[in-house]
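Read off the chains here:
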Amino acid sequence: MTLRTIFERQRDIIDYSLQNMLRRWSKNTLILIIFIVLVFIVSSVLFINGSLTKEMMVTSMDLPDITVQRIKGGRQVNIQAPDALEIEKIPGVEAVEKRVWGYFYQETLQANFTIYGMDLDQLEKGEYNQIVDWKSYPDDIERNPDFRMIVGHGVLELLKNIEMDNTFLFFQPGWQQLISFDIIGTFRGETELQSNDMMILQIQGARKVLELPDNEFTDLAVFIPNPEEIDNIALKIQRLFPGLRTVTREQIKNSYASVFGWKSAFVLSSLLAGIFAFLILIWDKASGLSLEEKREIGILKAVGWDTALVLQVKFWEGLILSGISSVSGILLAYAFVYWLRAPGLKQIFIGWSTIYPSFRLTPDVDFKFLVLIITICVVPYLAVTIFPAWKAAITDPDVMIRNI
Amino acid sequence: MDNHVIEIINVTKTYNKGKPNEVTAVKDTSLEINEGSLVVLKGSSGSGKTTLLSLIGCQTKPTTGEVIIQGKKVSKLPEKFMNLHKRKNIGFIFQHFQLIAGMSVLDNIMLPLIPEGISSKERYRRANQLLEQFNLTHRREFKTSSLSGGEQQRAAIARALINNPGILLADEPSAHLDSELTSSLLDHISRLKQSGHTILITSHDPDVYQKSMVDHIFEMKNGQIISS
Ligand SMILES: Nc1ncnc2c1ncn2[C@@H]1O[C@H](COP(=O)(O)OP(=O)(O)O)[C@@H](O)[C@H]1O
Ligand SMILES: [Mg+2]
């Protein structure tokens with residue numbers, strides 16, 4: 001046979017397989033749907049997990065080398081300015097940043113925001129200038145510079161709903177009056193896991209909202225140029241200041257990772273149960289060759305088809321069905337996670353935050369995983385399609401044809 | 001007597017050998033059939049006619065003995081080569097026609113050509129010619145399940161002839177036909193004989209085996225040929 005006839009014959013075989021599948025469209029459609037749903041769920045989980053992991057990695061780059069908190073009675077309390085001065089004196093420490101931050105629960109939106117106090121003038125001048133979309137105010141209204149803020153995109157989307165996207169009013173039941181802030185910009189985040197629920201307030205205003213006295217801070221961020229020294233310095237701080245607790249970036253990363261890991265382990269194990277049920281179903285559907293299918297294989301053998309040719313037909317049938325469904329499952333999952341933002345599934349992963357207003361995952365597709373998913377779907381399906389067909393095909397056709 | 005296209009030498013076929021349901025369907029049987037002849041195999045139900053036909057038609061292998069078709073010991077060939085030989089030399093018309101139900105008449109007829117790697121153009125040419133010959137052109141795209149008994153039979157004959165084999169085997173071809181259809185079937189068979197085909201038919205229908213065109217009648221009983 002020349003190369004061309006081999007090619008043509010293969011095309012004939014694929015044609016025949018397609019015809020065969022169309023003749024049994026109802027059975028094949030059912031398998032196709034189940035298949036797509038399964039691939040869809042598995043890939044959605046993998047996509048979300050992959051993106052969150054990436055998000056975490058990017059986020060943790062911005063974490064301070066050591067975070068220092070003051071602990072009293074097992075609780076975190078405010079830290080004082082002199083602590084920062086003392087820590088700054090430790091050799092190897094480059095800088096100590098006194099941080100002002102906390103959470104604010106917005107009743108009407110039922111949303112929890114992370115409040116971060118900074119000097120926005122510094123921000124505007126410094127290297128972070130580019131990550132903020134600054135709003136300009138053409139009007140000449142006199143504004144109090146202490147009550148300016150920058151928000152994440154998700155927050156802004158949410159605030160538009162309550163028409164507070166220019167001015168945001170903070171209020172808590174115990175307060176005498178509202179605290180009003182002008183929104184002067186939004187940040188374009190590469191990372192959205194954290195920044196999306198974040199409000200950066202001018203530090204003086206932030207202290208009002210967080211009810212933090214002037215000489216006290218939430219915690220300290222310690223920066224150490226030499227990564228080798230981080231653990232040692234953390235130990236040293238704890239030894240020198242018994243009331244302080246240190247958390248290194250590595251520790252935060254690990255605790256993130258273990259939360260993610262636990263969640264995805266949970267989701268994946270429930271998926272495994274699903275896969276198991278799926279395999280049973282597929283086995284039942286595909287392996288139980290109907291009498292009709294057995295008879296057809298008998299006819300093909302009787303009119304002179306070789307066993308190998310019958311198996312090639314079954315191979316193509318299996319490959320086409322499982323290939324189409326795994327690829328469509330993956331594409332649907334991609335659309336679901338990255339366009340529709342995974343309603344329902346995402347909450348499982350981001351459970352620790354009350355709400356992330358409009359959390360958008362950045363696509364992070366690992367092709368190794370895709371190949372793995374496709375393999376996991378295609379190979380067992382091929383096996384359960386081909387094996388029973390093989391059993392039928394090696395039987396002498398006269399037996400097949402007599403038993404009608 | 002050199003031109004035996006079919007030779008059966010001491011063939012035995014035992015099904016389910018060694019099991020409680022062991023059946024010897026054909027027992028130590030020998031047979032020779034000349035090229036171009038029309039032979040009828042008669043005998044009561046269960047006498048082994050279909051089994052013998054299957055052995056000749058390369059649908060199964062003998063337990064012992066030899067089957068020689070066109071000078072080739074097919075019973076000794078591996079599957080692939082036996083199939084090659086079968087496709088080239090033998091057309092088989094099964095008792096229940098054995099057409100694939102959900103498939104069109106045209107596709108059914110072309111089935112034996114797919115393993116041959118014949119171009120689709122040539123497949124259509126041959127199939128259309130046979131459809132014409134057996135007056136099925138108007139049923140070309142019909143599913144075989146929607147055909148009448150006579151049409152199904154003609155489709156089955158057309159499929160058996162598509163590879164242009166020298167030998168035609170038919171198992172009880174008149175079993176499902178009324179007398180009018182039977183006589184039209186015999187017309188077809190007579191024409192195929194005239195065009196040089198060697199034909200072997202099993203039948204217990206006197207309408208078939210009493211025809212003058214029949215060259216030989218073998219009678220089977222309990223898996224053996226008892227008269228010729
Ligand atoms: N695949 C098989 N397994 C077991 N017994 C069979 C098989 N095929 C045929 N037989 C038996 O072989 C005998 C001959 O059958 P068959 O050749 O079909 O006879 P006929 O065609 O003359 O009616 C019968 O007793 C039948 O039951
Ligand atoms: Mg019979």
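Residues numbered from 1 in each chain as written. Chains lettered and ligands numbered in written order. Predicted model: local features only at pLDDT ≥ 70, side-chain atom pairs only at ≥ 80, totals over all residues. Heavy atoms only, no water.

**Quick word on the overall build of chain B**
Put simply, the rule reads: The helix count covers DSSP runs of H or I at least four residues long, the strand count covers runs of E at least two residues long, and both are numbered beginning at the N terminus. Based on C-alpha atoms, the radius of gyration is set beside the globule rule, defined as 2.2 Å times the residue count to the power 0.38. Exposure classes here rest on a 1.4 Å probe applied to the protein chains alone. A residue is buried below 20% of its type maximum, exposed above 50%, and partly exposed in between. Here, two residues are considered to be in contact whenever any of their heavy atoms come within 4.5 Å of each other. Areas reported here follow the Shrake-Rupley algorithm with a probe of radius 1.4 Å; residue values treat only the protein chains shown as occluding.
The helix and strand tally for chain B stands at seven helices and 10 strands. Computed over its C-alpha atoms, the radius of gyration of chain B comes to 17 Å, within 12% of the 17 Å expected for a compact globule of 228 residues. C-alpha atoms of chain B, sized along the principal axes, occupy 45 × 40 × 40 Å. Counting all 228 residues of chain B, 55% fall into the buried class. Of the contacts formed within chain B by residues at least 6 apart in sequence, a portion of 70% connects residues at least 24 apart. A total accessible area of about 10000 Å² is found for chain B, and carbon and sulfur atoms account for 46% of it.

**Some words on the overall build of chain A**
A tally of helices and strands in chain A yields 13 helices and 13 strands. For chain A, with 404 residues in total, the buried portion stands at 46%. Pairs at least 24 residues apart make up 81% of the contacts formed inside chain A by residues separated by at least 6 positions.

**Some words on the site of ligand 1**
Let me state the cut-off plainly: Residue proximity to a molecule or strand is established when one non-hydrogen atom of the residue lies within 4 Å of it. We define a polar contact as two N or O atoms separated by no more than 3.5 Å, with the added condition that, inside protein, one atom must be a possible hydrogen donor and the other a possible acceptor, whereas residues neighbouring each other in sequence contribute only through side-chain atom pairs.
Taken together, 14 residues sit near ligand 1, with Arg402(A), Gly46(B), Lys49(B), Thr50(B) and Thr51(B) positioned nearest. Here an oxygen atom of ligand 1 and a backbone polar atom of Gly46(B) are 2.7 Å apart. At 2.6 Å, a side-chain N or O of Thr50(B) approaches an oxygen atom of ligand 1. In isolation ligand 1 has 560 Å² of accessible area, and contact with the protein removes 73% of it. Contributing elements (two or more residues each) for the shell around ligand 1: α13 (397-402) of chain A together with β2 (23-34) and α1 (49-56) of chain B. Looking at the shell around ligand 1 element by element, the count peaks at three residues for α1(B).

**Things to note about a nonpolar patch on the surface**
Residue and element names in this part refer to chain A. Selection criterion: Patch membership requires over 30% relative accessible area and the absence of a salt bridge. Like charges are linked within 9 Å, and nonpolar side chains (Val, Leu, Ile, Met, Phe, Trp, Tyr) within 5 Å. Between Lys or Arg on one side and Asp or Glu on the other, a salt bridge is scored when a side-chain nitrogen of the former is within 4 Å of a carboxyl oxygen of the latter.
Taken together, the side chains of Ile33, Val37 and Ile41 define a hydrophobic patch exposed on the protein surface, amounting to about 230 Å² of accessible area. Assignment of secondary structure puts Val37 in helix α2 (residues 25-61). With a relative accessible area of 43%, Val37 lands in the partly exposed category.

**A short note on the nonpolar core**
The cut-off we apply is this: Only buried Ala, Val, Leu, Ile, Met, Phe, Trp, Tyr and Cys residues count toward a nonpolar core, and they belong to the same one when joined by side-chain atoms within 4.5 Å.
Core analysis: the largest hydrophobic core is formed by 44 residues, its most contacted members being Val68(A), Ile87(A), Met149(A), Phe168(A), Phe170(A), Met199(A) and Leu201(A). Those residues within four positions of Leu201(A) in sequence are excluded, and the remaining contacts are Ile115(A), Tyr116(A), Gly117(A), Met118(A), Arg148(A), Met149(A), Phe170(A), Phe181(A), Ala206(A) and Val209(A). Residues Met110(B), Ala127(B), Leu130(B) and Leu186(B) belong to the second largest nonpolar core, which totals 37 residues.

**Digging into the packing of aromatic side chains**
Residue and element names in this part refer to chain A. Rules: Only Phe, Tyr and Trp rings take part, Trp by its six-membered ring, and two of them pair if their centres are within 6.5 Å. Stacked means planes under 30 degrees apart, edge-to-face means over 60, and tilted covers everything else. Only Lys NZ and Arg CZ are tested; either one counts as a charge over a ring when it is within 6 Å of the ring centre and within 35 degrees of the ring normal.
Under the defined criterion, the tally for this structure stands at 16 aromatic pairs over all chains. For the ring pair Trp101 and Tyr103, a centre distance of 5.8 Å and an interplane angle of 90° mean the geometry is edge-to-face. A relative accessible area of 22% means that Trp101 is categorised as partly exposed. For Tyr103, a relative accessible area of 55% gives the class exposed. Judged by centre distance (5.6 Å) and plane angle (75°), the rings of Phe315 and Trp316 are edge-to-face. In this structure, Arg207 is placed above the aromatic ring of Phe217, and the distance from its NZ or CZ to the ring centre is 4.8 Å.

**Things to note about the confidence of the model for chain A**
The criterion, for reference: Predictor confidence is given residue by residue as pLDDT, running from a minimum of 0 to a maximum of 100.
Averaged over chain A, the pLDDT score is 81; the fraction of residues at 70 or greater is 84%. Low pLDDT, under 50, characterises residues 351-358 of chain A; the stretch is placed with 24 contacts to residues that sit more than four places away or in other chains.

**Section: the pattern of salt bridges**
Residues and elements named next belong to chain A. Under the criterion given, the structure shown has 21 salt bridges over all chains. Residue Glu296 pairs with Arg23 through a salt bridge whose shortest N-O separation is 2.9 Å. Placement of the pair is Glu296 in helix α9 (residues 291-302) and Arg23 in helix α1 (residues 3-23), with a sequence separation of 273 residues. Using a relative accessible area of 5% as the deciding quantity, one classes Glu296 as buried. Measuring nitrogen to oxygen at the nearest pair gives 3.5 Å for the salt bridge that ties Arg24 to Glu293. Linking Arg24 in the loop between α1 and α2 with Glu293 in helix α9, this pair joins segments that are 269 residues apart in sequence. In the salt-bridge network here, residues are joined through shared partners; they are Arg23, Arg24, Lys27, Glu293 and Glu296.

**What about the sheet that holds β2(B)?**
This is how the line gets drawn: Strands pair, by our definition, only if DSSP identifies at least two bridges between them.
Read from one edge to the other, the open sheet built from four strands follows the order β2-β1-β4-β5 (chain B), with strand pairing classed as antiparallel. Looking at which strands have only one partner, the edges of the open sheet turn out to be β2 and β5 (72-73) of chain B.

**Some points on the interface of chain B and chain A**
For clarity, the threshold we go by: In this description, buried area is defined as the sum, over both parts, of the accessible area (probe of 1.4 Å) that is lost when the two are combined. In this classification, the charged set is Asp, Glu, Lys and Arg, the nonpolar set is Ala, Val, Leu, Ile, Met, Phe, Trp, Tyr, Cys and Pro, and all remaining amino acids, among them Gly, are polar.
With 31 residues of chain B at the contact, the number on the chain A side is 25 residues. For the pair chain B and chain A, the two sides together bury roughly 2400 Å², of which 54% comes from carbon and sulfur. Counting the surface chain B buries against chain A, the share from its top three residues, Gln98(B), Ile100(B) and Ile114(B), is 23%. The tally of links from chain B across to chain A stands at two salt bridges. Close ionic contact of Glu79(B) with Lys301(A) constitutes a salt bridge, the shortest N to O distance being 2.8 Å. Summed over the shared surface of chain B and chain A, the number is 15 residue pairs in polar contact (both at pLDDT 80 or more). Elements with a contribution of two residues or more to the side of chain B that touches chain A: β1 (4-15), α1 and α2 (79-89) of chain B. A total of five residues in the side of chain B that touches chain A trace back to one element, the largest contributor, which is α2(B). Among the residues making up the side of chain B that touches chain A, the classes are represented as 11 nonpolar, 11 polar and nine charged.

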